[in-house]
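Descriptive structure summary
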Amino acid sequence: MSEPGLTFRQDYFGDPCAWKALAELLQDTFSIDVDMQASFGGPDPTSMPFGYFDSEGRCVANFTAFSMPMMINGTAVKAAGYQSGAVRPEWRERGLYRDLMQRAFARTAAEGYELDLLLTDKPALYERYGFRILPQHIFIAKTPEPRKPGPPARQLSLDSPDDLRLIKTLLQNRQPVSAQFAVVRQKEMFLLNACFNSAIRLTALADNAIIAWTFDGATFWLLDIAGTTIPSLATILSMLDVEPERIEICFSPDRLDCEASPEPYEGYTMLMARGKAADDIAGPFILSPMAEF
Ligand SMILES: CC(C)(COP(=O)(O)OP(=O)(O)OC[C@H]1O[C@@H](n2cnc3c(N)ncnc32)[C@H](O)[C@@H]1OP(=O)(O)O)[C@@H](O)C(=O)NCCC(=O)NCCS
């Protein structure tokens, strides 16, 4: 496809001007500042961006694929995620997005990805490419028997270089938080999601697990665990020293040694999947909010 006055570029994140132009497109389209990633080491190095740029270097359209290895029903799956899909209003309805989607899907198919995942509020856009909606569930846990408090947990700050180093190390070496459905490796989105939402607390337990959580005084939301071991829910609650009235777990709780029942999750966006591994995804499950992209 060739649109007069536009230049197609792929794999352009190495060019700081082009990255900045994409950040501006995403700021203008979604009001998010992806450039916050600069302080954490930049965008995901597995990113495969596809974009159109005008003669002034503005990014007018983009669609990015990235590697998001998953653990699904105990099996490691080579999965790709798709994000940063946007076209500037004056360039819409000319087929630019269709062109970028087709290029990205062709690339990941050629590279042998077994599963394609995306989050969207416009599922019709992707159904024609074989994506289907995966219903998600959160898990309401029964309060476990209290344990004796262990060594004190330590609140972490993304602004502290030492804390950031620990978080990155554990994200790099983490075990999947669930054997049923969880990312195996996804550092950049965890950091960006933590940064976007100031209510999220990151707490280190014994320097081998980081708990991502929020608590409003009554409900405790367990968002994710980035750890070389996965502590039980009882251990987490005693070490965080919280006694919630209600516990909502935002990932499949199969490794938490707790009783939990699923409830349908109604989010603003829907999780969609396609590919030969998509049929193996059996619910109930949810993608951790820290892995949202
Ligand atoms: C959605 C968006 C990316 C579409 O870009 P675009 O360049 O106008 O899309 P195209 O002209 O390439 O159209 C591609 C296809 O999508 C369809 N489409 C476009 N907008 C759509 C929408 N909002 N809902 C469903 N389908 C849509 C078109 O009909 C076309 O279908 P076809 O291939 O069968 O002909 C653009 O409107 C946009 O940036 N919106 C705001 C950000 C956004 O919602 N991004 C998607 C995040 S998941």
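Everything below is about the structure shown above.
Residues numbered from 1 in each chain as written. Predicted model: local features only at pLDDT ≥ 70, side-chain atom pairs only at ≥ 80, totals over all residues. Heavy atoms only, no water.

1. Examining the nonpolar core
Residues Phe63, Met70, Tyr82, Leu115, Leu287 and Phe293 are the most contacted members of the largest nonpolar core, which totals 60 residues. The leading source of residues in this core is helix α1 (residues 16-30), at seven residues. In terms of domain composition, this core takes at least three residues from each of domain 1 (6-113) and domain 2 (138-264). One finds Phe139, Val177, Ala182 and Leu256 within the second-largest nonpolar core, a separate group that totals 25 residues. (Core = buried A, V, L, I, M, F, W, Y, C linked by side-chain atoms within 4.5 Å. Buried < 20%, exposed > 50% of the residue type's maximum accessible area, 1.4 Å probe, protein only. Helix = DSSP H or I, 4+ residues; strand = E, 2+ residues; numbered from the N terminus. Domains from an automatic or database assignment.)

2. Quick notes on the sheet that holds strand β5 (residues 75-77)
Reading across from one edge, β5-β4-β11 is the order of the three strands in this open sheet, with antiparallel pairing throughout. Taken across any chain shown, the strands that pair with only one partner, and hence form the sheet edges, are β5 and β11 (181-183). Ignoring which end each strand starts from, the neighbouring axes of this sheet average 25° apart. With three bridges connecting them, strand β4 (residues 70-72) and β11 associate as antiparallel partners. Each bridged residue has a counterpart across the sheet, and for Met71 the counterpart in β11 is Ala182. (Pairing = 2+ DSSP bridges. Axes fitted to C-alpha atoms, helices over the stretch in contact; angles between N-to-C directions.)

3. Concerning unusual backbone geometry
With an omega dihedral of -5°, the bond running from Gly283 to Pro284 counts as a cis peptide bond. Position of Pro284 relative to the elements: it lies in the segment after β17 (270-274). In this structure, Ser84 is a non-glycine residue whose phi angle is positive, near 55°. By the element assignment, Ser84 lies in strand β6 (residues 79-87).

4. Re the site of the ligand
The environment of the ligand is formed by 17 residues, the closest being Val87, Glu93, Arg98, Lys122 and Arg128. At 2.8 Å from an oxygen atom of the ligand is found a main-chain nitrogen or oxygen belonging to Val87. In this structure, an oxygen atom belonging to the ligand sits 2.4 Å away from a side-chain N or O atom of Lys122. In isolation the ligand has 900 Å² of accessible area, and contact with the protein removes 73% of it. Sorting the residues of the shell around the ligand by element identifies α1, β6, α2 (96-110) and α3 (124-127) as the ones contributing at least two each. Here the shell around the ligand is composed, by residue class, of seven nonpolar, four polar and six charged. (Near = heavy atom within 4 Å. Polar contact = N/O pair within 3.5 Å; in protein donor to acceptor, adjacent residues only side chain to side chain. Areas by Shrake-Rupley, 256 points an atom, 1.4 Å probe, with all protein chains shown as cover. Nonpolar A, V, L, I, M, F, W, Y, C, P; charged D, E, K, R; others polar.)

5. Description of the side chain of Asp44
Turning to its location among the elements, Asp44 is positioned in the loop between α1 and β2 (48-53). Here Asp44 sits buried without a salt bridge, and the closest side chain of opposite charge, Lys187, lies 8.7 Å off (N-O distance). Here the side chain of Asp44 touches Thr46 through a polar contact of 2.8 Å, landing on its backbone nitrogen. Excluding its chain neighbours within four sequence positions, the residues that come into contact with Asp44 are Phe66, Ser67, Gln186 and Glu188. (Lys, Arg positive; Asp, Glu negative; His and termini not counted. Salt bridge = Lys/Arg side-chain N within 4 Å of Asp/Glu carboxyl O. Contact = heavy atoms within 4.5 Å.)

6. Considering the packing of aromatic side chains
Counted by the stated rule, this structure contains 16 aromatic pairs. Ring centres of Phe13 and Trp19 lie 4.9 Å apart, and the angle between their planes is 75°; this geometry places the pair in the edge-to-face category. Arranged with centres 5.0 Å apart and planes meeting at 80°, the rings of Tyr82 and Phe105 form a pair that is edge-to-face. In this pair, Tyr82 is assigned in strand β6 and Phe105 in helix α2, connecting sequence segments 23 residues apart. Each of the two residues, Tyr82 as well as Phe105, counts as buried. One aromatic cluster in this structure is built from Phe63, Tyr82, Tyr97, Phe105, Tyr126, Tyr129 and Phe131. (Phe/Tyr/Trp six-rings, centres within 6.5 Å; stacked < 30°, edge-to-face > 60°.)

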